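Descriptive analysis of the structure
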Amino acid sequence: MPIIKDGAIIEDSWTVLDEESDAPSSADIIIPLNIMLEKADRLSNHSGRIGLLIPNDVAVEDHADLIAKADLVVLELPAFTDGRAYSQARALREDLGFEKELRVKGDVLVDQAAYLLRCGFDSFDFEGEFDAVSWEKSTNIMTTGYQRTYRDKLSYRD
Amino acid sequence: MAKKLKGDQVLTGQLLREGDVVFYAEDGSWSSDLQKAKVATTPEQIDELDLFIAKAEEVNLVIDIYPIVVEKDEAGQLVPSLIREKMRTTGPSIVYADF
Amino acid sequence: MYVYDDFDEKFVRERAAQFRDQVERRLSGQLSEAHFRPLRLMNGVYLQLHAYMLRVAVPYGTLSSKQMRQLAMIATKYDKGYGHFTTRQNIQFNWPKLKDLPDILDDLADVGMHAIQTSGNCIRNVTSDQWAGVAADEVTDPRPYAELMRQWSSLHPEFSYLPRKFKIAITGASSDRAAIAFHDIGIQVLKNDNGEIGFAVYVGGGLGRTPMVGKKIRDFISLEDLLPYLVAILRAYNLEGRRDNKYKARIKILVHETGIDEFKAKVEKIFDGLEKEKLRAPAGEIERIQGFFALPDYASAEANPESLSKARSENPAFDAWVNRNVAEHKQAGYAIANISLKPIAGIPGDATSEQMNLVADLAETYSFSEIRVSHEQNLVLAHVKETDLFELWQALVPAGLATANIGAITDMITCPGLDYCALATARSIPVAQKISEKFADQKRQEEIGDLKVKISGCINACGHHHAGHIGILGLNKKGEEYYQITLGGSGDQAAAVGEILGPGFSGDDVAGAIDTLVNRYVELRNETSETFLEVVKRVGLEPFKEALYADH
Ligand code: HEM
Ligand code: SF4
């Protein structure tokens, strides 16, 4: 799966940790929230960066401490019509003040990218092929907006 | 998967560009005339029509394709069995824009 | 009324360009139907029984003459010469072609209109009282707040993939003409003891297959906190609303299953955690919007002019129209003139291009070029001098627009039903036409008095049948259309859901059944002023059941 950041495919340094395996202590690992909650001690001598994968039925405010320590948060879009991650993202960015990389994983459509960016996501792990031209077009076609959101590049009325 | 329909069947859909209702015709085209529709009567023919749906949608000319059950009236004309499909074939039952 | 500035204009132009690109990608096959569908819906484009359908937003039901003329142009150029005004104060075109839709959206943008969010699982067009700004019973004009919410909800990046559609209505008056209790969020504008504007907020109302009356979640939220509070409600809904079953996905189900107290606690918790400053309307924005809603420059006009009473006494048809269709205005010497789109045996809510153009002209001549669409599918000229009423009426008569039936039994709300709608189980329009014919006699209508009949062609309840004094729901039994009748519903400040009377009727028998019910009501009422609803409350359903089913 390609990872898209700033409109281009990038090399991904992160691997997802599953139940059993232990990643090398220097790797950048993404840990699902439930494993993190159960086995946080296993990570005490981990020297690589730690990312957190949060399912979309979790209230992010309830895990503010873990989130504050994470170097990456990954949220899920199991179907493009399931909009929960948009609210989680805004809560993370605007209310919890999370400043590190925020990634979305799943059924991302190019026509949704602009909204995802506005909600605070900056990288995309999506199924299917990446077409840089449509991506560029779809993320730039609207230059105006009525809602002020995190790190928004749109213009507003003033 | 939709429930299996009982009875003779034809495929219907709507033109992607225009929205008009059309039927899959004997000659392989899509026609606005139900009377030209290819009628499947045997279980094999019906399965064949069902299998054709996905292929037909890929062509990107007709959307929302599904089978409907038809009967023959006294004059030998095809008519849909369900009231919804009757309406869809004949257009609104009211006189519009005329008062 | 609100007029777009450069910013709003740029916004809708960009949106139209975006949709043009999406349509091109759809036609070329780059976008699949499954992916295109939600995108077209968020631009008001449905696929209906016979064709595509376009629903154009008329924000809180206010239109200028120029906009109305453009709608007429679109109906002529791209459709079959008519449009249908809906209960959500919008207009629908029944026959546009997908390939023309980008051009139609450009034509709409030319007059500051759009079809944004008239469908889809997003925040829909905000609706309001059709008499806003001029009603005699108003605390304050709700439209500036409706406009604020229109802007705030447009292409909202967080709330465009909600579990289900989301409808907001706002009223500023004590009589609720916007049916706020039947909306996902209903808002009532208030003034507190210090004279400050604020809002009572209701949540979880709705019709559809599980009708529910909204529950109050806040007695008073300040103007400053209105948008943050809406964010909190929508966020709670977006995160927790059911996504497993489309019929249980509306906020009413969430509120019902969670309980209003616990739901409120969730909303308040989110609200407390919000960084509110950025979510508020920018400084000066409300004042800027309010500037557009200043009342027009009323000339000093004579109240109860001699000429009016003379015309009324000489012309019984005009007198009947004034009685029924003209309402009291805040300003002495002015009146609110309602134009019925329910001609006897016509199609409720339809207007031809010619009629639209005529109404646009009449609004220009008599009503400051402003037109309202009511949720009862009629049009309103909100500022007519009493001395002009007779002339106005004379111009309406030849166009079939002078039916004197506002609020009467033939002023039915009717959804498109199986004549157009892909989801319908039965037709609605022909049933409405038969009832209308049955009660065509003006004298009889006046004897009956106010009575709201509402008809839906399926359980989705677009025709508000639950809220009808008499509600009619079209169903399908063994391949035949049949109609279930409910009594006692109400959509106003005493909101109530109607109760089913008994077995349904065939399409041919509905009008007769309504006739029987109405006759029974007339017999039962103690005095002519006792309304249908009051009688139903007093005597219950039994006497009506008896009348309907006794000899069956
Ligand atoms: C012709 C195409 C239409 C379609 C496909 C359609 C579809 C629907 C559906 C599926 C619902 C139920 C939603 C739910 O409860 O989740 C609904 C409700 C509703 N629709 Fe329509 N509708 C159509 C036309 C109209 C028209 C013409 C009006 C106005 C006259 C209208 C006004 C409403 C209203 C007021 C509701 C109830 C609102 C509620 O439950 O909160 N619809 N519609
Ligand atoms: S109530 Fe049913 S039939 Fe009527 S417009 Fe709504 S979905 Fe269609």
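Residues numbered from 1 in each chain as written. Chains lettered and ligands numbered in written order. Predicted model: local features only at pLDDT ≥ 70, side-chain atom pairs only at ≥ 80, totals over all residues. Heavy atoms only, no water.

1. Considerations on the interface of chain B and chain C
- Counting residues at the interface gives 23 residues for chain B and 33 residues for chain C.
- A combined buried area of about 2,500 Å² lies between chain B and chain C, and 63% of that area is made up of carbon and sulfur atoms.
- The partner of Asp-20 of chain B in a salt bridge is Lys-97 of chain C, with the nearest N and O atoms 3.9 Å apart.
- Inspection of the region where chain B meets chain C yields 10 residue pairs in polar contact (both at pLDDT 80 or more).
- Taken together, the elements giving at least two residues each to the side of chain B that touches chain C come down to strand 1 (9-15), strand 4 (62-72) and helix 2 (83-90) of chain B.
- It is helix 2 of chain B that contributes the most residues to the side of chain B that touches chain C, four residues altogether.
- Residue composition of the side of chain B that touches chain C, by class: 12 nonpolar, five polar and six charged. (Contact = heavy atoms within 4.5 Å. Buried area = accessible area lost by both parts, 1.4 Å probe. Salt bridge = Lys/Arg side-chain N within 4 Å of Asp/Glu carboxyl O. Polar contact = N/O pair within 3.5 Å; in protein donor to acceptor, adjacent residues only side chain to side chain. Helix = DSSP H or I, 4+ residues; strand = E, 2+ residues; numbered from the N terminus. Nonpolar A, V, L, I, M, F, W, Y, C, P; charged D, E, K, R; others polar.)

2. Observations regarding the coordination of the iron atom of ligand 1
- The protein supplies the iron atom of ligand 1 with one donor atom, Cys-462 of chain C (SG), which lies at 2.1 Å.
- With respect to the helices, strands and loops of the structure, Cys-462 of chain C is situated in the loop between strand 17 (453-456) and strand 18 (470-477). (Donors = N, O, S within 2.8 Å, 3.2 Å for Na, K, Ca; no water.)

3. Description of the packing of helix 16 (residues 510-524) of chain C against helix 17 (residues 532-539) of chain C
All names here are of chain C.
- At a closest axis distance of 10 Å, the pairing of helix 16 and helix 17 adopts a crossing angle of 75 degrees. Between helix 16 and helix 17, the angle falls in the class roughly perpendicular. When helix 16 is examined against helix 17, the residues Leu-517, Tyr-521 and Leu-524 are found in contact with a partner set consisting of Phe-532, Val-535, Arg-538 and Val-539.
- In terms of residue class, the contact of helix 16 with helix 17 is made up of six nonpolar, no polar and one charged. (Axes fitted to C-alpha atoms, helices over the stretch in contact; angles between N-to-C directions. Parallel < 35°, antiparallel > 145°, perpendicular 65-115°, else oblique.)

4. A few points about the site of ligand 1
Residues and elements named next belong to chain C.
- Around ligand 1 there are 21 residues in total, and Thr-87, Lys-165, Arg-250, Cys-462 and His-464 lie nearest to it.
- Interatomic distance of 3.2 Å between a side-chain N/O atom of Arg-164 and an oxygen atom of ligand 1.
- A distance of 2.6 Å separates an oxygen atom of ligand 1 from a polar atom in the side chain of Arg-250.
- Taken together, the residues that form the shell around ligand 1 break down as seven nonpolar, nine polar and five charged. (Near = heavy atom within 4 Å.)

5. Notes on empty space enclosed by the protein
- Scanning all chains against the criterion turns up six cavities of 30 Å³ or more.
- Taken as a whole, the largest cavity holds about 250 Å³ of empty space.
- For the largest cavity, the lining is made up of 20 residues, of which Tyr-146 and Gln-147 of chain A together with Leu-227, Ala-281 and Pro-282 of chain C are closest to its centre.
- Elements with a minimum of two residues in the lining of the largest cavity: helix 5 (143-153) and helix 6 (226-240) of chain C.
- If one sorts the elements of the lining of the largest cavity by residue count, helix 5 of chain C sits on top with three residues.
- Class assignment of the residues belonging to the lining of the largest cavity gives a composition of 10 nonpolar, four polar and six charged. (1 Å grid on protein atoms, 1.4 Å probe; cavity = no way out; pocket = protein on both sides within 12 Å on 5 of 7 lines; lining within 4 Å. Points joined across faces, edges and corners; volume = space filled by probe spheres on them.)

6. Focus: the nonpolar core
Residue and element names in this part refer to chain C.
- Counting residues in hydrophobic clusters, the biggest one holds 160 residues, and the most contacted among them are Met-68, Leu-71, Phe-199, Ile-233, Phe-263, Trp-321 and Leu-381.
- The element best represented in this core is helix 6, accounting for 10 residues.
- If you look at the next biggest cluster of nonpolar residues, it comprises 33 residues, including Ile-409, Phe-505, Val-510 and Leu-541. (Core = buried A, V, L, I, M, F, W, Y, C linked by side-chain atoms within 4.5 Å. Buried < 20%, exposed > 50% of the residue type's maximum accessible area, 1.4 Å probe, protein only.)

7. Some remarks on helix 2 (residues 33-41) of chain C
- Looking only at helix 2 of chain C, the buried set comprises Glu-33, Phe-36, Pro-38, Leu-39, Arg-40 and Leu-41 of chain C.
- Structurally, helix 2 of chain C contributes buried residues whose contacts are with strand 4 of chain B together with helix 1 (6-27), strand 1 (45-47) and strand 2 (52-56) of chain C.

8. Focus on the interface of chain C and chain A
- Contacts between the two partners involve 45 residues from chain C, matched on the other side by 35 residues from chain A.
- Summed over both partners, the interface of chain C with chain A comes to about 3,600 Å²; 55% of that surface belongs to carbon and sulfur atoms.
- When residues of chain C are sorted by the area they lose upon contact with chain A, Phe-7, Pro-157 and Tyr-161 of chain C head the list and together hold 22% of the total.
- Summed over the shared surface of chain C and chain A, the result is nine salt bridges.
- One salt bridge in this structure joins Asp-21 of chain C and Lys-137 of chain A, with 3.0 Å as the shortest N-O distance.
- Where chain C touches chain A, the interface holds 22 residue pairs in polar contact (both at pLDDT 80 or more).
- At the level of secondary structure, the elements contributing two or more residues to the side of chain C that touches chain A comprise helix 1, helix 2, helix 5, helix 6, helix 8 (260-273) and helix 9 (285-292) of chain C.
- Considering each element in turn, the side of chain C that touches chain A owes the most residues, 11 residues, to helix 1 of chain C.
- Considered class by class, the residues forming the side of chain C that touches chain A number 18 nonpolar, 11 polar and 16 charged.

9. A word on the domain arrangement of chain C
Residue and element names in this part refer to chain C.
- The domain architecture assigned to chain C consists of domain 1 (6-110), domain 2 (135-292), domain 3 (306-399) and domain 4 (413-549).
- Between domain 1 and domain 2, the C-alpha centre-to-centre distance is 26 Å.
- Counting every contact that joins domain 1 to domain 2 gives zero salt bridges.
- Linking domain 1 with domain 2 are one residue pair in polar contact (both at pLDDT 80 or more).
- When residues of the side of domain 1 that touches domain 2 are assigned to their parent elements, the largest contribution, three residues, is made by helix 1.
- Within the side of domain 1 that touches domain 2, the residues separate by chemical class into five nonpolar, one polar and three charged. (Domains from an automatic or database assignment.)

10. A short note on the site of ligand 2
- Near ligand 2, the surroundings consist of Cys-415, Pro-416, Gly-417, Cys-421, Leu-423, Ala-424, Ser-456, Gly-457, Cys-458, Asn-460, Ala-461 and Cys-462 of chain C.
- Of the residues contributing to the shell around ligand 2, the split by class is eight nonpolar, four polar and no charged.

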